[in-house]
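Listed below are the residues making up each chain.
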Amino acid sequence: MRRNTRTVLAVIAAATTLTLSACGTEQTASSPATNANGKPTVCLIMKSLANEYFQQMQKGAKEHVDQLGTLDLQIAGIQNETDVDGQIALVDKCITQQVQAIVIAPADSKALVQSVVKASKAGIKVVNIDVALDPDALKSAGVEVPLVGPDNRAGAKQVGDVLAKSVGAGGKVAILEGNPGADNALQRKNGFNDTIAESKLTLLDSKTAHWETDEAYTVFGNILTAHPDLQGVLASNDSMALGVIKVIQERHANVKVVSIDNIPAVKPFLQNGPMLATLDQYGSEQAGDGIDVAMKLIAGQSVTGWQKTRMNVVTAGA
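Below is a summary of the structure that appears in this document.

Some remarks on the nonpolar core
Step number 1: In this structure, Leu44 and Phe220 are the most contacted members of the largest nonpolar core, which totals 54 residues.
Step number 2: Setting aside its immediate chain neighbours within four residues, Phe220 contacts Leu176, Leu230, Val233, Val244, Val247, Ile248 and Val255.
Step number 3: Counting 24 residues, the second-largest nonpolar core is a separate cluster that includes Leu112, Ile124, Leu138 and Val143.

Next comes the structure, spelled out in structure tokens:
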């Protein structure tokens, strides 16, 4: 899904002030309490803003809203990928402020459902981006929330297939998983396993590093010690891939890496190794697409189901 709204309205730049909350970093165009311009206020709640992927998402959201000029945007993120309580607190804050819509990339697909239901019952429109909320939990609560995001399983298989081609049938590989409670972590693991089954690779280990670089460095170091004949790693995001690459470089290991996110920090390793490919899921566009859906809901339009966003495999030549 691509946006064509960038040329529709004139650019209106919103003044921003930087504030720190106990649970996350928030950048605010204006608050509902002081908003006298008649524009709706939308909260964009992301995961860790230490992750370059969400930094790109934040930048893209700001640019998109500036071009639209039809809403006020509040942007918030948690301190780290596992700070579920912090993200719940951010949702509660947006509810208290009585914003018109919340666009959220949940840190945990089940744990955030209750907060989303609370927001919905308060009359706030909610749009789910990037990481799918648990559909069964939403259904049980009687709440429907549109999803704007990529097909994580298909995307993981696409980059997994690049690794499979490199190491060949029987190649020995490992998976570094994301947060166990996040749907995109599960779908990416499933996609990698699809590659492993189809290409007849040998899976030596599969462990979580919770999306974090430092944890991936430790976890992968232990995997490589246990399996020195390892040939490839399927990392569920680029942040973890960076930790993997650090181990590979320190030990001069001949291990190939594929990953997901296409953050700027991995580009040198795509050009010079050991990374073969990453998947661009266009996080900056996703945020804008989610905001567009939120504005449609605010306007009374019906948007349901999964609005799939684009993705693309990036290799050294791209």
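Alright, that's what it looks like, and here's the rest.
Brief notes about the side chain of Arg188
Step number 1: Mapped onto the elements, Arg188 comes out in helix 6 (residues 183-199).
Step number 2: The charged side chain of Arg188 is buried without a salt bridge, its nearest counter-charge being Asp261 at 4.1 Å.
Step number 3: A polar atom in the side chain of Arg188 sits 2.7 Å from the backbone oxygen of Ser236.

Notes on the packing of helix 1 (residues 52-68) against helix 10 (residues 283-298)
Step number 1: At a minimum axis distance of 7 Å, the contact between helix 1 and helix 10 shows a crossing angle of 45 degrees. One way to sum up the angle between helix 1 and helix 10 is to call them oblique. You can see that helix 1 and helix 10 cross each other, and the crossing is right-handed. Contact residues: helix 1 offers Tyr53, Gln56, Met57, Gly60, Ala61, His64, Val65 and Leu68, while helix 10 offers Gly283, Ser284, Gln286, Ala287, Gly288, Ile291 and Asp292.
Step number 2: Along the lines of polarity and charge, the residues of the contact of helix 1 with helix 10 split into seven nonpolar, seven polar and one charged.

Quick notes on the packing of aromatic side chains
Step number 1: Applying the stated criterion across every chain yields a total of one aromatic pair.
Step number 2: A centroid spacing of 5.1 Å and a plane angle of 85 degrees characterise the contact between Tyr53 and Phe54, whose relative ring orientation is edge-to-face. Take Tyr53 and Phe54: they sit in the same class, and that class is buried.
Step number 3: One cation-aromatic arrangement involves Arg310 over Tyr282; the distance from NZ or CZ to the ring centre is 3.6 Å.

Description of the pattern of salt bridges
Step number 1: The tally for this structure, following the rule as stated, stands at 10 salt bridges.
Step number 2: A salt bridge links Lys157 to Asp161; the nearest nitrogen and oxygen atoms lie 2.9 Å apart. Of this pair, Lys157 and Asp161 both sit in helix 5 (residues 152-167), separated by four residues, roughly a single helical turn.
Step number 3: Asp161 gets classed as partly exposed once you look at its relative accessible area, which sits at 28%.
Step number 4: Glu198 is the partner of Lys157 in a salt bridge, and the nearest nitrogen-oxygen pair spans 3.2 Å. Within this pair, whereas Lys157 is found in helix 5, its partner Glu198 is found in helix 6, the two being separated by 41 residues in sequence.
Step number 5: What makes Lys157 buried here is its relative accessible area of 18%.
Step number 6: Of the residues examined, Glu198 reaches a relative accessible area of 53% and is grouped as exposed.

Overview of helix 3 (residues 113-121)
Step number 1: When we look at burial in helix 3, the residues that qualify are Val113, Ser115, Val116, Val117 and Ala119.
Step number 2: Along its buried surface, helix 3 packs onto helix 2 (84-96), strand 5 (101-104), strand 6 (125-129) and helix 4 (135-141).
Step number 3: Trailing helix 3 by a residue or two, Gly123 shows a phi angle of about 90 degrees, which is positive.

About the cut-offs
- Residues numbered from 1 in each chain as written.
- Predicted model: local features only at pLDDT ≥ 70, side-chain atom pairs only at ≥ 80, totals over all residues.
- Heavy atoms only, no water.
- Core = buried A, V, L, I, M, F, W, Y, C linked by side-chain atoms within 4.5 Å.
- Buried < 20%, exposed > 50% of the residue type's maximum accessible area, 1.4 Å probe, protein only.
- Contact = heavy atoms within 4.5 Å.
- Helix = DSSP H or I, 4+ residues; strand = E, 2+ residues; numbered from the N terminus.
- Lys, Arg positive; Asp, Glu negative; His and termini not counted.
- Salt bridge = Lys/Arg side-chain N within 4 Å of Asp/Glu carboxyl O.
- Polar contact = N/O pair within 3.5 Å; in protein donor to acceptor, adjacent residues only side chain to side chain.
- Axes fitted to C-alpha atoms, helices over the stretch in contact; angles between N-to-C directions.
- Parallel < 35°, antiparallel > 145°, perpendicular 65-115°, else oblique.
- Left-handed = near helix turned anticlockwise from the far one by under 90°.
- Nonpolar A, V, L, I, M, F, W, Y, C, P; charged D, E, K, R; others polar.
- Phe/Tyr/Trp six-rings, centres within 6.5 Å; stacked < 30°, edge-to-face > 60°.
- Lys NZ or Arg CZ within 6 Å of the ring centre and 35° of its normal.

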